[in-house]
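# Coordinate inspection notes
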Amino acid sequence: MERFDEVYEVVKLIPRGKVSSYGAIARYLGTSPRIVGWAMNSVKGEDGVPAHRVVNRNGVLTGKMHFTPPQKMQEDLEKEGLQITDDQILNFTEHFWDPSAELL
DNA sequence: CCACTGACGCGTA
DNA sequence: ATACGCGCCAGTG
C-alpha cells in the first residue's frame, strides 16, 4: 500500500489542465505501470486524487469505464480545458505532465 | 500455497 | 503501421 500512497501523491500533484500516464508515474516511482492502474482502481473513495487526469501512454481514457458514470472522466477533463475525441485526448503531448521531468 | 487477473508498456514478427 | 506476446507488482479466489 505504500506504493499506492506514493501514486496518490504524484497524481495529486498533477496540475489542473494537465494529464499524466501510468508509465510515467510508474517510472518516476520505480514501479510497474500495472501497479499505478491498480492504485487508481483502489482509489474508490480517496478524495483529492484526480484519477481522471491519468491516462495511458497513448492519451486514451482507458480507465473511463471505471468511473461513475464512465463519461465523468471525459467531462472533468473537458471542464479543465482539455479536448477529447473518441476517448482520445487531443494534443496529448502538449498537455502531458511527466513527474520525472517537470517535478524533478 | 498456487493460479488468474488487471485503469499498461515495450520488444519483436 | 498493425498484431501478438511477455514482463511487471499486488490483490483476490
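Reading the values: rules and limits
Residues numbered from 1 in each chain as written. Chains lettered and ligands numbered in written order. Predicted model: local features only at pLDDT ≥ 70, side-chain atom pairs only at ≥ 80, totals over all residues. Heavy atoms only, no water. Near = heavy atom within 4 Å. Polar contact = N/O pair within 3.5 Å; in protein donor to acceptor, adjacent residues only side chain to side chain. Helix = DSSP H or I, 4+ residues; strand = E, 2+ residues; numbered from the N terminus. Nonpolar A, V, L, I, M, F, W, Y, C, P; charged D, E, K, R; others polar.

It is worth spelling out the protein's contact with DNA strand B at this point. Of all residues adjacent to DNA strand B, which total 16 residues, the nearest are Arg34, Gly37, Met40, Gly63 and Phe67. Interatomic distance of 2.8 Å between a backbone N/O atom of Asn41 and a base nitrogen of DNA strand B. Arg57 is positioned such that a nitrogen or oxygen atom in its backbone is 2.9 Å from a phosphate oxygen of DNA strand B. Looking at the surface near DNA strand B, the elements that each hand over two or more residues are helix 2 (22-29) and helix 3 (33-43). With six residues, helix 3 is the single largest residue contributor to the surface near DNA strand B. The residue makeup of the surface near DNA strand B, split by class, is six nonpolar, eight polar and two charged.

What follows concerns the protein's contact with DNA strand C. DNA strand C sits among Met1, Arg3, Ser32, Arg34, Ile35 and Trp38. In DNA strand C, atoms within 4 Å of the protein come 72% from sugar and phosphate. Between a phosphate oxygen of DNA strand C and a side-chain N or O atom of Arg3, the distance comes to 3.5 Å. Contact between DNA strand C and Trp38: a sugar or linking oxygen at 3.3 Å from a side-chain N or O atom of the residue. Among the residues forming the surface near DNA strand C, the class breakdown is three nonpolar, one polar and two charged.

Honestly, it's all geometry; don't read function into it.
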